[in-house]
Amino acid sequence: VKVHGSAPGDREDEFISNAVSLKTLILTFWCVLSFSVDDSMCTEAEDDRVERPALVPSLFPLRPPTLYFSTANERVQLLPWEQRKLLKWKMSSVTPNVVKQTIARSHFRATKKSDDWLGCWGHHMKSPGFKAIHEYQKLNHFPGSFQIGRKDRLWRNLSKMQARFGKREFSFFPRSFVLPQDLKLLKKAWEDGGGRQKWIIKPPASARGIGIQVIHKWSQMPRKRPLLVQKYLHKPYLISGNKFDLRIYVYVTSYDPLRVYIFSDGLVRFASCKYSSSMKSLSNKFMHLTNYSVNKKNSEYQTNSDHKACQGHKWALKALWQYLSAKGINTTQIWEMIKDMVIKTIIASDPYVNMLVKANVRSPYSCHELFGFDIMLDENLKPWVLEVNISPSLHSNTALDVSIKGQMIRDVLNLAGFVVPRREEMRPAACGSTSSSTSRSRSRPELSADEKVKRAFYLSQRFADQLFSSVLDVLTPDDVNVLAEAEDELSRRGEFERVFPSPASSRYLRFFEHPRYLNILLSQWEQKHWQNRSQGVSLLRNLCQKGVHLGHLSDTAHRVSSAAGSISSLVSCTINMFKFVTLLSLCNSGHLQPILGALGTTQTAIPLRQTGEEGIQNPTHAQLFISVSFPASVKLPSPLSVACWCPRVPGPPRRTTSRIARFTRSPPASPTSA
């Protein structure tokens, strides 16, 4: 600040005054800049960017829009200040730059101490820690995902699947042993295999190639520390003499129902020394390990910045497919095998994750996770799962990394479906409740009596495809909500491909330790509508317009059974049949299996003891006599209300409800039944 024509004292005072004013001006400008960077940085380059709305509308009425995350060549419009001030992202020491850049383009502000954040990309934490996450917040992990993220747990869980379903379905991982528990088994396998065999040892919870060794002598085996020991794939497929592996990005948005996506691109990581099967070379990590963090230290490592080029020691996955296709190799078949392995591996973690989600997470909205699958091709081009990373590296050191990981993270965040909450949802008193317009989209409320009856019936039918197909005949409010959520999510998939559910996902239902109704529902939906998705979307749009997904049931067609009587005194009998007129033949052949149970408690499938009928003149009216045996502990109310659901009846859904004034007890067959 230059001041002329004043006394020295005046000049000093004016200098200080001007300096203070200048400082205030700078701070004010900086605050404005931090809240509205797009308003103050209108360069020519930014003007060329395509402008996108800040919110993506739902495909369906009465469902909330989601926040839009852009690529670098797009500019996201500003939300009104009342909404924009809610866009807070909790930073952690592991939040990668590619995530920071993506959320900044959608006008999120970083926070470390605030508790009212909407999103966080951070460390995995112990399961009880998930209880602190509010219903409007999203964390990039599921509790229990370490069941496939730790090398020893991955092996244990895949081994269980192999023992149950055989090597034909689960033979895509190397033979492995967990030390010290399996030391004797490993010793026997070592002796049976002869002298010239190679094994690779890995710490169970390490990353970036730390602690990994390839050995061929029993004396080289560590005895005391925990280790995973795997049979070494000594005949890998080579390109230009170099070994390589694939980093496949897998994204799970939900475990119940299970929804799994695979990114269409990925990374191909080469060892930086030409491969040799010689025992003398086993100590050369640049030859036998493909980790970038290991090979970048080799002076011979060659970088690659072109995602289309097949050069250097890191390629794009799409470049590899083009390279192999040019050699006449069927890359589609390899990709289908990889998708099959991914689905089965995720299913292996299903019972653990779902149990911990139910115990520790307030809302299924709050969890999502990106996995990094490391896959190797052997000399016959068979893919093998080596390990699964629950925090795959997102560091972007080259233009190749930026082009792949930048697009992938943008698509991940769009798939995640971030919803801007209302202020009242974020108040402590409102943490456990939401308004009717969003309640079924965030935390699913207690199921109605009808929904419990329907779910109990289909869960009692083990892998009965003919019966499963009727699950879409009468859609309950929660059915509509789940299907609409899945269709909305699919429309935001970007470069991801959804592999579960899919038109072929029914074949995977038998691999679940516990059958899940919503997996049945979505699998049947895909089978019916995948060739004409617009028809299914149109159906759901009409139902959402009526508010069915919110529980507004003016149309009784969406009620599975009558809600007569109180929940404590209602017993529902759910009957499934192919044709109403064939009811009697179904009864006589023993195919009729009702679900009987007091609503509000665990539904139980009770098989029929005996069925009978009397003559029928009109096929729309029938008398059905059912004799059922109950445990003596079951107390049946009187009068008893029975509802029959016939989902496969031609024409509009029909329901019948009869009041039984009395029922008789036959002499007990044993002291424990009546």
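See the structure shown above.
Residues numbered from 1 in each chain as written. Predicted model: local features only at pLDDT ≥ 70, side-chain atom pairs only at ≥ 80, totals over all residues. Heavy atoms only, no water.

Within this structure, the stated rule accounts for 5 cavities of 30 Å³ or more. Estimated volume of the second largest cavity: approximately 60 Å³. Counting residues per element, the ones that place at least two in the lining of the second largest cavity are helix H7 (151-165), strand S12 (227-231) and strand S18 (383-389). It is H7 that provides the largest number of residues to the lining of the second largest cavity, a total of 4 residues. For the lining of the second largest cavity, the class distribution of residues is 8 nonpolar, 2 polar and 1 charged. (1 Å grid on protein atoms, 1.4 Å probe; cavity = no way out; pocket = protein on both sides within 12 Å on 5 of 7 lines; lining within 4 Å. Points joined across faces, edges and corners; volume = space filled by probe spheres on them. Helix = DSSP H or I, 4+ residues; strand = E, 2+ residues; numbered from the N terminus. Nonpolar A, V, L, I, M, F, W, Y, C, P; charged D, E, K, R; others polar.)

This part takes up the nonpolar core. Membership of the largest hydrophobic core comes to 86 residues, with the highest contact counts inside it found for Leu246, Ile248, Leu320, Ile346 and Phe371. Every residue in contact with Leu246, bar those within four places of it in the chain, is listed here: Leu267, Val268, Leu317, Leu320, Trp321, Ile338, Phe373, Asp374 and Ile375. Listed in part, the 41 residues of the second largest apolar core include Met91, Ile409, Ala416 and Met426. (Core = buried A, V, L, I, M, F, W, Y, C linked by side-chain atoms within 4.5 Å. Buried < 20%, exposed > 50% of the residue type's maximum accessible area, 1.4 Å probe, protein only. Contact = heavy atoms within 4.5 Å.)

Let us now look at the sheet that holds strand S9 (residues 176-179). Reading across the sheet, the 4 strands line up as S9-S12-S10-S11 and stay open at both edges, with antiparallel pairing between neighbours. Where the open sheet ends on each side, the last strands, each with one partner, are S9 and strand S11 (213-215). Adjacent strand axes in the sheet meet at a mean angle of 25°, parallel and antiparallel pairs treated alike. Across 3 bridges, strand S10 (residues 199-202) lies against S11 in antiparallel orientation. Opposite Ile201, over in S11, you have Gln213 as the bridge partner. In the packing of helix H8 (residues 183-193) onto the sheet, the strands contacted are S9, S10, S11 and S12, and the crossing angle to S9 comes to about 140°. (Pairing = 2+ DSSP bridges. Axes fitted to C-alpha atoms, helices over the stretch in contact; angles between N-to-C directions.)

Before going further, it helps to examine the sheet that holds strand S6 (residues 109-111). With parallel pairing, 4 strands are arranged side by side in an open sheet as S6-S5-S7-S8. The sheet is open, and its two edges are formed by S6 and strand S8 (138-139), each paired on a single side. Pairing analysis gives 3 bridges linking strand S5 (residues 88-90) to S6, with the strands arranged parallel. Among the inter-strand pairings, Lys88 is bridged to a residue of S6, identified as Arg109.

These results come straight from atomic positions and should not be treated as a statement about function.
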